[in-house]
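Summary of the model geometry
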Amino acid sequence: MNPHLERLEPYPFQKLRDLFGDLSPNTEYSAINLSIGEPKHPTPAVIKETLAAALECLGEYPPTLGGLPLREACADWLVRRYGIARPDPASQVLPVLGSREALFSFAQAVIAPRADGQRPVVISPNPFYQIYEGAALLAGAEPCYVNCTAATGFVPDWDSIPAEVWARTQLVFACSPGNPTGGVMGLDGWRKLFALSDRYGFVIASDECYSEIHAGQPPLGGLEAASRLGRTDFRRLVMFTSLSKRSNAPGLRSGFVAGDSAILKGFLLYRTYHGSAMSPAVQLASRAAWNDEAHVDDNRARYAEKFTAVTPIISRVLDTRRPDAGFYLWAKVPGGSDTAFARELYARYHVTVLPGSFLARHAHGINPGAGYVRIALVAPLDACVEAAWRIVDCVHTATN
């Protein structure tokens, strides 16, 4: 087996199962799971109906490049969403099987051995989506973490990375809106990152899968930032998005990447061997989803209702606020131990949240996730409100 597999850490949810392994939750309460970011709102009818009507397509081998109608729909969506010039559907857009698959495989395609024998570097925000780390390790690279804390507005502090690390960097994962913090990188942050890319030659993977869950102010995207700064060729930049969060369709495994045509040409070649072609039926359903915004508006309104109801309750006892985007509350717990808090909440009140330390690594002297929990507002509204009040009771019980 690949020896790099031994470098992989357990996934956060395995750590959570281990954390709760000796506990029995209070059966007086029904279970409310707010730990995993799996959308629970109904999958839109436009997706389900289109998919059901396309089942005859299952008898066809799909091309890895995907059909032109889907790539055109994706390009048109980018124009509507970000106000940019239309990317070329033939060379600057590529369908993928969800952003998770694409983020992982992208690192395998981009990372190259160094002539001096040193490991190339992949830079990741911290806290982070663990796929970034696993992708870097299995590509033979060294992960380097840039902390996202309250002091930085929960966005990366690019100045904290020394020049000697940038010199070995081949790939930077930029997650905006951030998982788990919800922080959104502004134009100045993108300007600095682009300047560093120009100086050191690394590629930027912009993970934007939470971009459509916001409070009315659409967050800035990587291609949009590049366009505003005159980088209309999107050099060394590829953005990643999917229908999982936007359209409540995580099981569809559908998304797309867009950006630098030269990088996507190589990524397409890799994917041809990797076996990543999207089913023709899924392509048709995806095209219908990207062409429809009504269900996205409805989805966003449902999350807004939850944030409006839940945030004031939880903020009575935990330091938290509504994020810039995404469907998580990133909440600082009293007492400092996120794992102890999660255990207490689960054992006494049968509510599951994810310790922030499981989503981060110790870097630059701290684990920036320690002392926080991630609360995913994916359950129905009444369940989210009930969980919020149980959190209040849990804190009051612990402090009295």
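This section reports on the structure supplied with the text. (Residues numbered from 1 in each chain as written. Predicted model: local features only at pLDDT ≥ 70, side-chain atom pairs only at ≥ 80, totals over all residues. Heavy atoms only, no water.)

**Observations concerning a nonpolar patch on the surface**
On the surface, a nonpolar cluster with roughly 340 Å² of combined accessible area is contributed by M1, L5 and L8. Along the chain, L5 turns up in the segment before α1 (12-19). Assessed through its relative accessible area of 36%, L5 is described here as partly exposed. (Patch = residues over 30% accessible without salt bridge, like charges linked within 9 Å, V, L, I, M, F, W, Y side chains within 5 Å. Areas by Shrake-Rupley, 256 points an atom, 1.4 Å probe, with all protein chains shown as cover. Salt bridge = Lys/Arg side-chain N within 4 Å of Asp/Glu carboxyl O. Helix = DSSP H or I, 4+ residues; strand = E, 2+ residues; numbered from the N terminus. Buried < 20%, exposed > 50% of the residue type's maximum accessible area, 1.4 Å probe, protein only.)

**Description of unusual backbone geometry**
In this structure, P177 follows S176 across a cis peptide bond, with omega equal to 0°. Along the chain, P177 falls in the loop between β5 (169-175) and α7 (187-200). With an omega of 20°, the peptide bond running from N179 to P180 counts as cis. The residue F234 is not glycine, and still its phi comes out positive at about 55°. Secondary-structure assignment places F234 in the loop between α8 (222-228) and β7 (237-242). Not every positive phi belongs to a glycine, and H364 is a case in point at roughly 55°.

**Considering the side chain of K306**
Here K306 is to be found in helix α12 (residues 294-314). No salt bridge is formed by the buried K306; its nearest oppositely charged neighbour, E305, is found at 8.3 Å. Side chain to side chain, K306 and H41 meet in a polar contact 2.9 Å long. For K306, the residues in contact, after removing those within four places along its chain, are H41, T311, L377, V378, A379, P380, L381 and C384. (Lys, Arg positive; Asp, Glu negative; His and termini not counted. Polar contact = N/O pair within 3.5 Å; in protein donor to acceptor, adjacent residues only side chain to side chain. Contact = heavy atoms within 4.5 Å.)

**Things to note about the sheet that holds strand β12 (residues 372-376)**
One open sheet accounts for three strands, arranged β9-β12-β11; its pairing is antiparallel. The open sheet has two free edges, formed respectively by β9 (328-332) and β11 (354-355), since each of these has just one partner strand. Examined bridge by bridge, β11 and β12 share two bridges and lie antiparallel to one another. Bridge assignment links P355 to a residue of β12, and that residue is V373. (Pairing = 2+ DSSP bridges.)

**Focus: the state of the cysteines**
Applying the stated criterion across every chain yields a total of zero disulfides. Here C175 stays unpaired: no disulfide links it, and the sulfur of C209, its closest cysteine neighbor, is 6.3 Å away. Residue class for C175 comes out buried when judged on its relative accessible area of 12%. With no disulfide partner, C394 has as its closest neighbouring cysteine sulfur the one in C384, 17 Å distant. You can call C394 buried: its relative accessible area is 2%. (Disulfide = S-S within 2.5 Å.)

None of the figures reported here should be taken as evidence of function without further support.
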